[in-house]
Amino acid sequence: DYALFTFILFIFATNGIEDHEGYEQRLKVLEAFVWANFFMTFVVGALWCVYNYRRLHQQMTGNPLKLHMSAAQKHLDSNELDMFFCALDKSIDGHKDGIISIPTMVKYVIERSGRQEMFHRCDDITAAVLAKIPGGRVMVNMEEFIVHCRPIMIEITHWTHEIVHTQRTTKELQEFIEEGHAHHI
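Residues numbered from 1 in each chain as written. Predicted model: local features only at pLDDT ≥ 70, side-chain atom pairs only at ≥ 80, totals over all residues. Heavy atoms only, no water.

So, about the side chain of Glu155. Of note, Glu155 is situated in helix H7 (residues 142–184). Excluding anything up to four places from it in sequence, Glu155 contacts Ala128, Val129 and Lys132. (Helix = DSSP H or I, 4+ residues; strand = E, 2+ residues; numbered from the N terminus. Contact = heavy atoms within 4.5 Å.)

Enumeration over the complete set of coordinates arrives at five aromatic pairs. Between Trp48 and Tyr51, the aromatic rings sit 5.4 Å apart at their centres with planes inclined by 35 degrees, giving tilted as the arrangement. Taken together, the residues span about one helical turn, with Trp48 and Tyr51 both in helix H2 (residues 20–62) at a distance of three residues. You can call Tyr51 partly exposed: its relative accessible area is 44%. Pairwise contacts between aromatic rings join Trp35, Phe38 and Phe42 into one cluster. (Phe/Tyr/Trp six-rings, centres within 6.5 Å; stacked < 30°, edge-to-face > 60°. Buried < 20%, exposed > 50% of the residue type's maximum accessible area, 1.4 Å probe, protein only.)

This brings us to the nonpolar core. The nonpolar side chains of a soluble globular protein tend to be buried, and buried together. If you look at the biggest cluster of nonpolar residues, it comprises 33 residues, and the most contacted ones within it are Phe84, Leu88, Ile102, Met105, Ile125, Phe145 and Ile156. Elements with a contribution of two residues or more to this core: H2, helix H3 (64–70), helix H4 (78–93), helix H5 (102–112), helix H6 (122–132) and H7. Element by element, the count of residues in this core is highest for H4, at seven residues. For Leu88, the residues in contact, after removing those within four places along its chain, are Met60, Pro64, Ile100, Met105, Tyr108 and Phe145. (Core = buried A, V, L, I, M, F, W, Y, C linked by side-chain atoms within 4.5 Å.)

Looking now at the layout of surface pockets. Empty space within the largest pocket amounts to approximately 210 Å³. Taken together, 11 residues form the lining of the largest pocket, with Arg55, Leu56, Gln59, Lys74 and Leu76 sitting closest to its centre. Among the elements of the structure, H2 and H3 are those that each provide at least two residues to the lining of the largest pocket. A total of five residues in the lining of the largest pocket trace back to one element, the largest contributor, which is H2. A breakdown of the residues in the lining of the largest pocket according to their chemical character gives five nonpolar, three polar and three charged. What the second largest pocket holds in volume is close to 150 Å³. Those elements that place two or more of their residues in the lining of the second largest pocket are H3, H4 and H7. (1 Å grid on protein atoms, 1.4 Å probe; cavity = no way out; pocket = protein on both sides within 12 Å on 5 of 7 lines; lining within 4 Å. Points joined across faces, edges and corners; volume = space filled by probe spheres on them. Nonpolar A, V, L, I, M, F, W, Y, C, P; charged D, E, K, R; others polar.)

In short, the description is geometric, and any link to function would need to be established separately.
Right, dumping it as structure tokens:
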């Protein structure tokens, strides 16, 4: 941006030097553009960063599974994973102690995803998630979470989609059987 303004300044500097008042007016306009650029770059840019940070934090606490699925194309970096851990740590049990219980996290993610019908499968999902963590640790700290977050969330997502698919198939099969019985009666 400043290179562009410097280029414009050199264009203005070569034309109309004899008219000092007009030249001074053009420099004032250029100065206004420089201040507007500063405002847009730093102030609006800082506000945009704060907005994105708050939106990301709300997604982390609101629906972690949806956040994971939306981040499938662009992985969360280590700072965002740190923020995700802190958001889960505080949201799961109400206080921040630096340790997350995997079974509690699985229940929290399922609850926040709006899939309460999956609660009866929480033990199966938790067992599958623990199988993804070396040593099958039930409690993870921040470093372990950062390393294993993606496999944990992939496993929960897999179970979510598998259960949805299975439920649809069962429902469709029941309708088919009911229709078949209606024809035989």
